[in-house]
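# Close look at the chain arrangement
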Amino acid sequence: MNIDSIKNGIVIDHITAKKGMEIYEALNLKNLDCSVAIITNAKSQKMGKKDIIKIDKEMDVDIDKIGFIEPNATINIVKDGKLQKKLKIDLPEKIVNLAKCQNPRCITSVERDLDQIFILTDKEKQIYRCKYCEMSLK
Ligand code: ZN
């Protein structure tokens, strides 16, 4: 696979260096049957160093998952070798089952089949609070 030229697929760019693997795992990319390339410590004028993930396949990616790990990432959709669309990611307003509440008295610690839901309560400080007990996520 030529990592510079994806014909039809997705390039996740502007990932903070070393976080590429985290996104790779969160998106379960190892289960794909197409080529996936992770480039770590690529030079970036804006960020110094960054990671890039290239997926050689048209697919839907979970933007909330990526945004939770890396709100500054950009997603480039490539079609026929050309950049078709650029999506800016942001911190998701709500995350479901991406993190676990640490409060042992939270209802989610007792009722194990409840969804773990966190709401973004402070965008500036990137604070999420449990929907049930309001404990913040670190
Ligand atoms: Zn809770």
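Note that the structure is predicted; figures quoted are calculated from it, not measured.

## Notes on the domain arrangement of the protein
With domains assigned, the protein is organised as domain 1 (9-88) and domain 2 (94-130). Measuring from the centre of the C-alpha atoms in domain 1 to the corresponding centre in domain 2 gives 25 Å. With 4 residues of domain 1 in contact, the opposing surface of domain 2 contributes 6 residues. Summed over both sides, the interface between domain 1 and domain 2 buries roughly 380 Å², with carbon and sulfur atoms accounting for 80% of that surface.

## Here's the deal with the nonpolar core
Counting 15 residues, the largest nonpolar core has Ile12, Ile23, Leu27, Ile53, Ile55, Val61 and Ile66 as the members making the most contacts within it. Mapped onto this core, the elements with two or more residues apiece are strand S1 (9-16), helix H1 (20-26), strand S3 (48-55) and helix H2 (63-69). Examining the composition of this core, we find that 3 residues originate from one element, S1, more than from any other. Counting residues in each nonpolar core, the second largest holds 10 residues, with Cys101, Cys106, Tyr128 and Leu137 among its members.

## A word on the sheet that holds strand S6 (residues 94-96)
Taken in spatial order, the 3 strands of this open sheet run S6-S7-S8, and their pairing is antiparallel. Looking at the sheet topology across the chains shown, the edges are occupied by S6 and strand S8 (127-130). With direction set aside, neighbouring strand axes in the sheet form an average angle of 30°. Pairing between strand S7 (residues 117-122) and S8: 4 bridges, direction antiparallel. The partner of Ile119 across the bridge, within S8, is Arg129.

## Considerations on the side chain of Asp13
With respect to the helices and strands, the residue Asp13 is situated in strand S1. Within the local environment of Asp13, its side chain forms a polar contact with the side chain of Lys50, the two groups lying 3.0 Å apart. Apart from the residues lying within four places of it in its own chain, the contact partners of Asp13 are Lys50, Asp51, Ile52, Ala73, Thr74 and Asn76.

The rules behind each value
Residues numbered from 1 in each chain as written. Predicted model: local features only at pLDDT ≥ 70, side-chain atom pairs only at ≥ 80, totals over all residues. Heavy atoms only, no water. Domains from an automatic or database assignment. Contact = heavy atoms within 4.5 Å. Buried area = accessible area lost by both parts, 1.4 Å probe. Core = buried A, V, L, I, M, F, W, Y, C linked by side-chain atoms within 4.5 Å. Buried < 20%, exposed > 50% of the residue type's maximum accessible area, 1.4 Å probe, protein only. Helix = DSSP H or I, 4+ residues; strand = E, 2+ residues; numbered from the N terminus. Pairing = 2+ DSSP bridges. Axes fitted to C-alpha atoms, helices over the stretch in contact; angles between N-to-C directions. Polar contact = N/O pair within 3.5 Å; in protein donor to acceptor, adjacent residues only side chain to side chain.

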